[in-house]
Amino acid sequence: MRSFSEQQIAAFAPNANAVSNGRKISAGGGFVSRMRSEDDSFYMGECKGSGKSNYVVSADFAEEEHPVFRCSCPSRQFPCKHSLGLMFEMAAGKEFAVGDIPADILDKREKKQAREAKKAETSGEKKPASEKSLRAAKSARAKKIKKQLEGLRLMKQLTDQLMNTGLSSMGSVSLKNYRDLAKQLGDYYLPGPQNYLNQLVLEMEAYQKDSDKKHYHQAVEVLKKLRALEKKAAAYLNEKLEADQPEADDDILYEKLGGIWKLEQLGELGLIKEQAGLVQLSFQVNYDAARKEYIDLGYWMDVDTGEISCTCNYRPVKALKYVKQEDSCFEVARIGRLYYYPGGMNRRVRWDGAAFEPVTPKVLEAVKGHAQKEINAAVKLAKNEMKNLLSEDSCGMLLSFARIGTIETEQGKCWGLEDKAGGRIELAGREGWEDSLAALGRIPDPDVFEGQALFGLLYYDPGKRRIRMYPCSVVTDKGIIRLLY
């Protein structure tokens, strides 16, 4: 008989409320009957609902990685709370009578197999695109690049002006003009630069309100990124036009300008890995005021290679009810095909489907074995990555440590991490981020603070003029202790 962990059920659910409601249905005895097929590929149940008749709920596992959930309820959520409730029934180990798969389900399976077979057959015989359509598509891409270059010239005028007159010239009246200009960049297919300009305006608005120099310094950093992006992007796009190759490539500038990758494009570029096993080291939800969206950010380690990647789920404020929020994962994600985005450290990854299994001591041993052993080497890697103005301003790393405790600095005592060679790095929070140090201080087991590994984000603190580490989780021999959720 099949079973599910709560993590697996949550992975199928459209939102957290659906999980909670499905759990309540199961715990409250909502199912009046349960049945499964002898081959364990089909589960069905009758569930009490708000109507006169019971709802008929089923889960078809003919395709292991893509089960089909069906329910006779009128809900528009997929899978609905009743389907999740059926999985909670299975997770609880409740008795399912063995029976035959309904004829209509077998018919649907046959039709689906026929459709897929026909699709595979037609795709194999698919006629190549005509020369005329290829020329038209290429012409459209070249036209888009020319429009982007036009927008970049407009952006260059802006950055030239701000570099010559200074950010102080962005008075309260002119800020409106800059906001209008940011909107215009969207018309030039430049959502990436548009976000930077929005961020610049937000920082200067904050500076005019409270005169806090930190906002001014942040605005300077954003302007530097905007300037660097304008120069590199203009050269990149002009080169593509001159080479008559307007197609998307594996250059990070494609995404920085606002390009959106499709999985098949990443696959065509060879940015894939077959049969990957990932363990999530950390998860947090951030809000980007410039983009006006929430970002569900997860950091994952490849159990085989030790590479640390990230997943980003973007949820625009205007579409929150339509986009499912991601959640923490406490199991190993076994992925048939993993797709990578172009980039340096902590490349973004995506996948279509995954199976989940428990994190065993062997997995934990492998994760700890991939940790950086020396702080100095880790800091050097972080510096080289952040040196690029278009990179993120933090790097996720797993560091082995001899101990974590208080260390002496010029400013007094603080949290610190020490490696076996005696190298040290300060552990610190960061403005706008959750207070993970408070959670670190509440860990009762003293063994956690010796001979383990710490995952965190290395970042440069301009006030302290040094690299510091924002702690996210501790990897021990017994499990991963999350400081963020």
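Everything discussed here concerns the structure shown above.
Computed from a predicted model, the values in this text were never measured in an experiment.

Asks: For this particular structure, what's the right way to read the overall build of the chain?
Replies: Looking only at helices and strands, the chain has 13 helices and 18 strands in total. With respect to the principal axes defined by its C-alpha atoms, the chain has extents near 80 × 70 × 40 Å. Within the span of the chain, comprising 485 residues, buried residues form 44% of the whole. A separation threshold of at least 6 residues defines the contact pool for the chain, and within that pool the share at least 24 residues apart is 61%.

Asks: Would you mind showing me how to read the pairing of strand E9 (residues 332-340) here?
Replies: One face of the sheet, then the other: side chains in a regular strand alternate in exactly this way. Most of E9 sits inside the fold, with seven of its nine residues counted as buried. In this structure, strand E6 (residues 272-288) lies alongside E9, joined through seven bridges in antiparallel fashion. Within E9, the residue paired with lysine 273 across the bridge is leucine 338. Two strands pair when backbone bridges link them, and E9 and strand E11 (residues 354-357) are joined in this way by four bridges, in the antiparallel orientation. Looking across to E11, one finds that isoleucine 335 is bridged to alanine 354.

Asks: Sorry if this is basic, but what is going on with helix H7 (residues 191-210) here?
Replies: Since the α-helix packs 3.6 residues into each turn, any two residues three or four apart lie on the same face. When the terminal C-alpha atoms of H7 are compared, their 29 Å separation across 20 residues agrees well with the 28 Å that a helix rising 1.5 Å per residue should span. Listed in full, the buried residues belonging to H7 are Gly192, Pro193, Gln194, Asn195, Tyr196, Leu197, Leu200, Val201, Glu203, Met204 and Ala206. Trailing H7 by a residue or two, serine 211 shows a phi angle of about 55°, which is positive.

Asks: Hey, could you run me through the nonpolar core in this one?
Replies: If you look at the biggest cluster of nonpolar residues, it comprises 33 residues, and the most contacted ones within it are Leu152, Leu162, Leu167, Met170, Leu197 and Leu200. Where this core is concerned, the elements lending two or more residues are helix H5 (131-165), helix H6 (172-187), H7 and helix H8 (213-242). It is H8 that contributes the most residues to this core, ten residues altogether.

Asks: How should I be thinking about the pattern of salt bridges in this particular structure?
Replies: Note on pairing: side chains with opposite charge can pair once their charged atoms come close. In total, this model carries 31 salt bridges according to the counting rule given. The partner of lysine 156 in a salt bridge is aspartate 160, and the shortest N-O contact between them spans 2.9 Å. Of this pair, lysine 156 and aspartate 160 both sit in helix H5, four residues apart, which is roughly one turn of that helix. In this structure lysine 156 comes out as partly exposed when scored by relative accessible area, which is 36%.

Asks: I would appreciate a short explanation of the packing of aromatic side chains in the present structure.
Replies: Taken as a whole and judged by the stated rule, the model has 13 aromatic pairs. Consider the rings of tyrosine 287 and tyrosine 294, whose centres lie 4.9 Å apart with planes at 50°: the pair is tilted. The class of tyrosine 287 is partly exposed, set by a relative accessible area of 44%. The exposure class of tyrosine 294 is partly exposed, given its relative accessible area of 31%. Aromatic pair tryptophan 433 and tyrosine 470: ring centres 4.7 Å apart, planes at 70°, arrangement edge-to-face. Separated by 37 residues along the polypeptide, tryptophan 433 in the loop between strand E15 (424-426) and helix H13 (436-441) and tyrosine 470 in strand E17 (residues 466-475) bring together distant segments of the chain. Tyrosine 470 sits in the buried class, given a relative accessible area of 0%. Chaining the aromatic ring pairs together yields one cluster made of Phe4, Phe12, Tyr43, Phe61, Phe69 and Phe96. One cation-aromatic arrangement involves arginine 34 over phenylalanine 96; the distance from NZ or CZ to the ring centre is 5.9 Å.

Here is what the cut-offs are and how they apply
Residues numbered from 1 in each chain as written. Predicted model: local features only at pLDDT ≥ 70, side-chain atom pairs only at ≥ 80, totals over all residues. Heavy atoms only, no water. Helix = DSSP H or I, 4+ residues; strand = E, 2+ residues; numbered from the N terminus. Buried < 20%, exposed > 50% of the residue type's maximum accessible area, 1.4 Å probe, protein only. Contact = heavy atoms within 4.5 Å. Pairing = 2+ DSSP bridges. Expected span 1.5 Å × (residues − 1). Core = buried A, V, L, I, M, F, W, Y, C linked by side-chain atoms within 4.5 Å. Salt bridge = Lys/Arg side-chain N within 4 Å of Asp/Glu carboxyl O. Phe/Tyr/Trp six-rings, centres within 6.5 Å; stacked < 30°, edge-to-face > 60°. Lys NZ or Arg CZ within 6 Å of the ring centre and 35° of its normal.

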